[in-house]
Amino acid sequence: MTEPEHSREERVELALDLLAHLEADELSLSEVVDRIETVTTDPTLTRDILDTAELRGIIERDGGRIRHQRGGTFVRFESQVVQREGDFDCRRCGASISTGHFVRFESGELGPFGSSCIRKVLGRE
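Because the structure is a prediction, the values reported are computed rather than measured. (Residues numbered from 1 in each chain as written. Predicted model: local features only at pLDDT ≥ 70, side-chain atom pairs only at ≥ 80, totals over all residues. Heavy atoms only, no water.)

Some details on the pairing of strand S4 (residues 81–89)
As judged from the 7 bridges shared by S4 and strand S5 (residues 96–105), these two strands associate in the antiparallel manner. Bridge pairing links Glu85 to Thr99 in S5. Counting the residues in the hairpin turn of S4 and S5 gives 6 residues, including Gly94, whose phi is positive at 85°. (Pairing = 2+ DSSP bridges. Helix = DSSP H or I, 4+ residues; strand = E, 2+ residues; numbered from the N terminus.)

The structure is reproduced here in structure tokens:
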């Protein structure tokens, strides 16, 4: 997967928005990294995102577990997730999809995802 057409700062903010909107109270580090990899696969940037998320109080690290610190910021599927028809590759699993699901955050848009991957990325499965 190639990096999105965003600057480093934009990718950090997009990943922080994603982490702030996760619906799970606690995830393993690998599950959190799986979500961050929808924004970037750069290991250095991933570490920076985790450090920044902790500094901003979005997450708390406890060994290999990550606890979500913000409540009530879940993604509203009706207003924040848009579907577009086209020829897409899912940002999470790489599968070819004809309907892309995109999440709109304040910092930008993240996607496309397939119907099951969008739910996994947001912590609904």
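The rest of the description comes next.
Observations regarding the domain arrangement of the protein
Partitioning the protein into structural domains gives domain 1 (8–68) and domain 2 (81–122). Each of domain 1 and domain 2 was reduced to a C-alpha centroid, and the two centroids are 18 Å apart. The interface of domain 1 with domain 2 comprises 12 residues on the first partner and 12 residues on the second. When domain 1 packs against domain 2, close to 1000 Å² is buried across both sides, 57% of that on carbon and sulfur atoms. Across the domain 1-domain 2 interface, the total number found is 1 salt bridge. Residue Arg92 pairs with Asp34 through a salt bridge whose shortest N-O separation is 3.1 Å. For the pair domain 1 and domain 2, the interface holds 8 residue pairs in polar contact (both at pLDDT 80 or more). (Domains from an automatic or database assignment. Contact = heavy atoms within 4.5 Å. Buried area = accessible area lost by both parts, 1.4 Å probe. Salt bridge = Lys/Arg side-chain N within 4 Å of Asp/Glu carboxyl O. Polar contact = N/O pair within 3.5 Å; in protein donor to acceptor, adjacent residues only side chain to side chain.)

Examining the packing of aromatic side chains
As enumerated under the stated definition, the model contains 1 aromatic pair in all. Judged by centre distance (5.5 Å) and plane angle (75°), the rings of Phe88 and Phe102 are edge-to-face. Of this pair, Phe88 sits in strand S4 while Phe102 is found in strand S5, placing the two residues 14 residues apart along the sequence. Classification of Phe88 as buried rests on a relative accessible area of 18%. Note that Arg84 overlies the ring of Phe102, its terminal NZ or CZ placed 4.3 Å from the centroid. (Phe/Tyr/Trp six-rings, centres within 6.5 Å; stacked < 30°, edge-to-face > 60°. Buried < 20%, exposed > 50% of the residue type's maximum accessible area, 1.4 Å probe, protein only. Lys NZ or Arg CZ within 6 Å of the ring centre and 35° of its normal.)

A closer look at the pattern of salt bridges
When their charged atoms lie close together, side chains carrying opposite charge are able to pair. The tally for this structure, following the rule as stated, stands at 11 salt bridges. Across the salt bridge formed by Arg67 and Asp62, the nearest N and O atoms sit 3.4 Å from each other. On the accessibility criterion, Arg67 (26% relative accessible area) is partly exposed. The network of salt bridges with common partners includes Glu26, Glu60, Asp62, Arg65 and Arg67.

Some points on unusual backbone geometry
Residues Gly111 and Pro112 are joined by a peptide bond in cis, for which omega reads 5°. Following the sequence through the fold, Pro112 ends up in strand S6 (residues 108–113).

Points about helix H2 (residues 29–36)
Of all the positions in H2, only Val32, Arg35 and Ile36 are classed as buried. With its buried residues spanning 100° around the axis, H2 presents them on a single face. (Arc of directions from axis to C-beta.)

Concerning the nonpolar core
Counting residues in each nonpolar core, the largest one holds 36 residues, and the members touching the most others are Leu19, Ile49 and Leu122. Elements with a contribution of two residues or more to this core: helix H1 (8–20), H2, helix H3 (43–55), S4, S5, S6 and helix H5 (115–122). The biggest single contributor to this core is H1, with 7 residues. Domain assignment of the residues forming this core places at least three in each of domain 1 (8–68) and domain 2 (81–122). Filtering out sequence-adjacent residues up to four positions away, Leu122 remains in contact with Leu18, His21, Leu22, Glu23, Val75, Phe77, Val81 and Val103. (Core = buried A, V, L, I, M, F, W, Y, C linked by side-chain atoms within 4.5 Å.)

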